[in-house]
Amino acid sequence: MSWEYDRGTILFLSALGVFILFCGIMAIRSAKKQKRLSPEERQLQQRISQEMGRRGVILFFAILWLASGMLVFSLYEMEFLDQTFKIPRVLSFFYDVFGISTGAIVQVVLSILVILITIVSMIRKRRVLLAEFHSNE
């Protein structure tokens, strides 16, 4: 094994270690903050978590949709895509109407739109919930 591969492994493990350390610190801070919250604040936090969880699922699938569109486009452009490839029937609409390259680009653009709309709706919903909480005080 050459030094370049060892250096890549060391960098990857270092980044992973920093990420794990960061997650641990954030978990401890969150646990300490939860202890200081009043019952009303805990209820608000639960409502925000539920709403963000619902929108998080949409965001997850939109990211998968984006990744699949980018993968199909890159494989097609590098000519690694076979003449027949399997995609879900829902997505086949884009490829039948626009062709493979343009269909993949349309899929990527639409998935980016869904991601942006979901993020904006998450921000708005959080603001609404916080405004309701502060108006009740």
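It should be noted that the structure appears before, not after, this text.
Now for a quick tour of the structure. (Residues numbered from 1 in each chain as written. Predicted model: local features only at pLDDT ≥ 70, side-chain atom pairs only at ≥ 80, totals over all residues. Heavy atoms only, no water.)

Within the fold, Phe22 resides in helix α1 (residues 3–36). Judged by its relative accessible area of 48%, Phe22 is partly exposed. (Helix = DSSP H or I, 4+ residues; strand = E, 2+ residues; numbered from the N terminus. Buried < 20%, exposed > 50% of the residue type's maximum accessible area, 1.4 Å probe, protein only.)

Here we come to the packing of helix α2 (residues 39–77) against helix α4 (residues 100–136). Packing of α2 against α4 brings their axes to within 8 Å, and their N-to-C directions diverge by 170 degrees. The orientation of α2 with respect to α4, classified from their angle, is roughly antiparallel. Looking at the contact of α2 with α4 residue by residue, the class counts come to 26 nonpolar, eight polar and nine charged. (Axes fitted to C-alpha atoms, helices over the stretch in contact; angles between N-to-C directions. Parallel < 35°, antiparallel > 145°, perpendicular 65-115°, else oblique. Nonpolar A, V, L, I, M, F, W, Y, C, P; charged D, E, K, R; others polar.)

A cluster of nonpolar side chains, namely Phe12, Leu13, Leu16, Phe19 and Ile20, defines an oily patch on the protein surface of about 530 Å² accessible area. Among the structural elements, Leu16 can be located in helix α1. (Patch = residues over 30% accessible without salt bridge, like charges linked within 9 Å, V, L, I, M, F, W, Y side chains within 5 Å. Areas by Shrake-Rupley, 256 points an atom, 1.4 Å probe, with all protein chains shown as cover. Salt bridge = Lys/Arg side-chain N within 4 Å of Asp/Glu carboxyl O.)

Take helix α3 (residues 89–98) next. For α3, the full list of buried residues reads Leu91, Phe94 and Tyr95. On an axial view of α3, the arc spanned by its buried residues comes to 90 degrees, and they lie on one face. Facing away from the buried side of α3 by over 90 degrees, the exposed positions are Arg89, Val90 and Asp96. At its buried positions, α3 is contacted by α2 and α4. Where α3 terminates, the next one or two residues include Gly99, which has phi positive at roughly 95 degrees. (Arc of directions from axis to C-beta. Contact = heavy atoms within 4.5 Å.)

With that settled, consider a positive patch on the surface. On the surface, Arg29, Lys32, Lys33, Lys35, Arg36 and Arg126 cluster together into a patch of positive charge. Considering every element that reaches the positive patch, the biggest residue donor is α1, with five residues. Tracing the chain through its elements places Arg36 in helix α1. On the accessibility criterion, Arg36 (65% relative accessible area) is exposed. (Lys, Arg positive; Asp, Glu negative; His and termini not counted. Charge placed at Lys NZ, Arg CZ, Asp CG, Glu CD.)

Right, let's get into unusual backbone geometry. At Glu79, a position not held by glycine, the phi torsion is positive, near 60 degrees. On the secondary structure map, Glu79 appears in the loop between α2 and α3.

One broad trend across soluble globular proteins is that nonpolar side chains are buried collectively. Counting residues in each nonpolar core, the largest one holds eleven residues, listed as Leu44, Ile48, Met52, Leu59, Ala62, Leu66, Val108, Ile115, Met122, Leu129 and Phe133. Per-element tally for this core: the top contributor is α2, with six residues. Those residues within four positions of Ile48 in sequence are excluded, and the remaining contacts are Arg126, Leu129 and Leu130. Counting residues in each nonpolar core, the second largest holds six residues, with Val72, Leu81, Phe94 and Ala104 among its members. (Core = buried A, V, L, I, M, F, W, Y, C linked by side-chain atoms within 4.5 Å.)

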